[in-house]
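As a plain string of letters, each chain reads:
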Amino acid sequence: MDSIWLTGAEWLAVLRVGLGLWWLESWRHKDKKGWFERGTGIAWASDVAAKHRWAAVRGGFDTVVAPRPRVMAYVVVYAELALGLGLIAGFLTPVALVGGLLLNVMYLVLMIHDWAEQGQNAMMALISLVALFAMSWQTWSLDHALGLF
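Quick caveat: nothing in here was measured; it's all calculated off a predicted structure. (Residues numbered from 1 in each chain as written. Predicted model: local features only at pLDDT ≥ 70, side-chain atom pairs only at ≥ 80, totals over all residues. Heavy atoms only, no water.)

All right, on to the overall build of the protein then. The helix and strand inventory of the protein stands at eight helices and zero strands. In sequence order, the protein lays out its α and β elements as α-α-α-α-α-α-α-α. Counting only C-alpha atoms and orienting by the principal axes, one finds that the protein spans roughly 50 × 30 × 25 Å. Of all 149 residues assigned to the protein, the portion counted as buried reaches 38%. Contacts spanning at least 24 positions in sequence make up 72% of the contacts within the protein whose residues lie at least 6 apart. A total of about 8600 Å² of accessible surface is found on the protein, and carbon and sulfur atoms cover 70% of it. Each charge class in the protein was averaged separately, 11 positive and 11 negative side chains, and the resulting centres sit 9 Å apart. (Helix = DSSP H or I, 4+ residues; strand = E, 2+ residues; numbered from the N terminus. Buried < 20%, exposed > 50% of the residue type's maximum accessible area, 1.4 Å probe, protein only. Contact = heavy atoms within 4.5 Å. Areas by Shrake-Rupley, 256 points an atom, 1.4 Å probe, with all protein chains shown as cover. Lys, Arg positive; Asp, Glu negative; His and termini not counted. Charge placed at Lys NZ, Arg CZ, Asp CG, Glu CD.)

Printed below as a string of structure tokens:
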């Protein structure tokens, strides 16, 4: 593979780190007080799910999220932090990439009728796939330094 300035593996690491920074920004800009104390994030998602035209989405939300809104708020917020840090450091990178891909797909499906952030979710999912299948942890990562994967 020919590339300019960096090697192909280094460009993939740049892509991985950039995705990690994107997840970290998603975590940073969240109103944690609103999510944790007032339940604003899960309440918003509940409203979206209740109006969803797919019964599977409504049922899945009612079964998994609705009974435990406080726990799910922490899961979502800290999953975004863990994904960001894991991808930036390149630690457990394949796990972080698969987890991020799943989270983006869940966001995409939940908000299928709200196109405001669908481009973001689609692009983050695409970057996750490329970084996963190109094994972006081969350079500039703790995984590589520790001999993981």
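Our focus in this paragraph is the environment of Leu83. Structurally, Leu83 can be placed in helix 5 (residues 69–89). On the basis of relative accessibility, which here comes to 8%, the residue Leu83 falls in the buried class. Apart from residues no more than four positions distant in its own chain, Leu83 is found in contact with Trp23, Ala96, Gly99, Gly100 and Leu103.

In short, geometric facts, not functional conclusions.
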